[in-house]
Amino acid sequence: MPRWSCAMGHQAEADSEEGLVSKVPEHMRQEYGTEISRERILRKLREGE
Ligand SMILES: [Zn+2]
């Protein structure tokens, strides 16, 4: 299951990368008032950085 964590260590999970790509920007907006691009999310997922 793809998993993503933000700079503060909150984790998000979804059934697919597409699911995360729609979930993560919401988190970033609500928590931090910032935007994150789809490319950046995908890059992070693939690099596991
Ligand atoms: Zn967070």
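Calculation criteria
Residues numbered from 1 in each chain as written. Predicted model: local features only at pLDDT ≥ 70, side-chain atom pairs only at ≥ 80, totals over all residues. Helix = DSSP H or I, 4+ residues; strand = E, 2+ residues; numbered from the N terminus. Buried ≥ 20, exposed ≤ 12 C-beta atoms within 10 Å, placed from the backbone. Contact = placed C-beta atoms within 7 Å. Axes fitted to C-alpha atoms, helices over the stretch in contact; angles between N-to-C directions. Parallel < 35°, antiparallel > 145°, perpendicular 65-115°, else oblique. Left-handed = near helix turned anticlockwise from the far one by under 90°. Expected span 1.5 Å × (residues − 1).

(A) Here's a closer look at the overall build of the chain. Across its full length, the chain holds two helices and two strands. The secondary structure elements of the chain, listed N-terminal to C-terminal, are β-β-α-α. Reported as C-alpha extents along the three principal axes, the dimensions of the chain are approximately 25 × 20 × 20 Å. Residue burial in the chain is summarised as follows: out of 49 residues, 8% are buried. The contacts of the chain with a sequence gap of at least 6 include a subset with a gap of at least 24, amounting to 17%.

(B) Spotlight on the environment of Glu18. Checked against the element boundaries, Glu18 lands in helix H1 (residues 17-32). As a C-alpha pair, Glu18 and Arg38 span 20 residues in sequence and 9.4 Å in three-dimensional space.

(C) Geometry of the packing of H1 against helix H2 (residues 38-47). The N-to-C vectors of H1 and H2 enclose an angle of 130°; their axes lie 10 Å apart at closest approach. If you check the angle between H1 and H2, you find them oblique. Crossing geometry of H1 relative to H2 is assigned as right-handed. Across from Glu17, Leu20, Val21 and Val24 in H1, the residues of H2 making contact are Arg38, Ile41, Leu42 and Leu45.

(D) Structural context of H1. Here H1 contains 16 residues, and its C-alpha end-to-end distance of 22 Å stays within 8% of the 22 Å for a straight helix at 1.5 Å per residue. Immediately downstream of H1, the backbone of Gly33 shows phi near 65°, a positive value.

(E) Expanded view of the environment of Arg38. For Arg38, the location among the structural elements is in helix H2. Owing to 14 C-beta atoms within 10 Å, Arg38 belongs among the partly exposed residues under this scheme. Taking the C-alpha atoms as reference, Arg38 lies 6.0 Å from Val21; in sequence the two are 17 residues apart.

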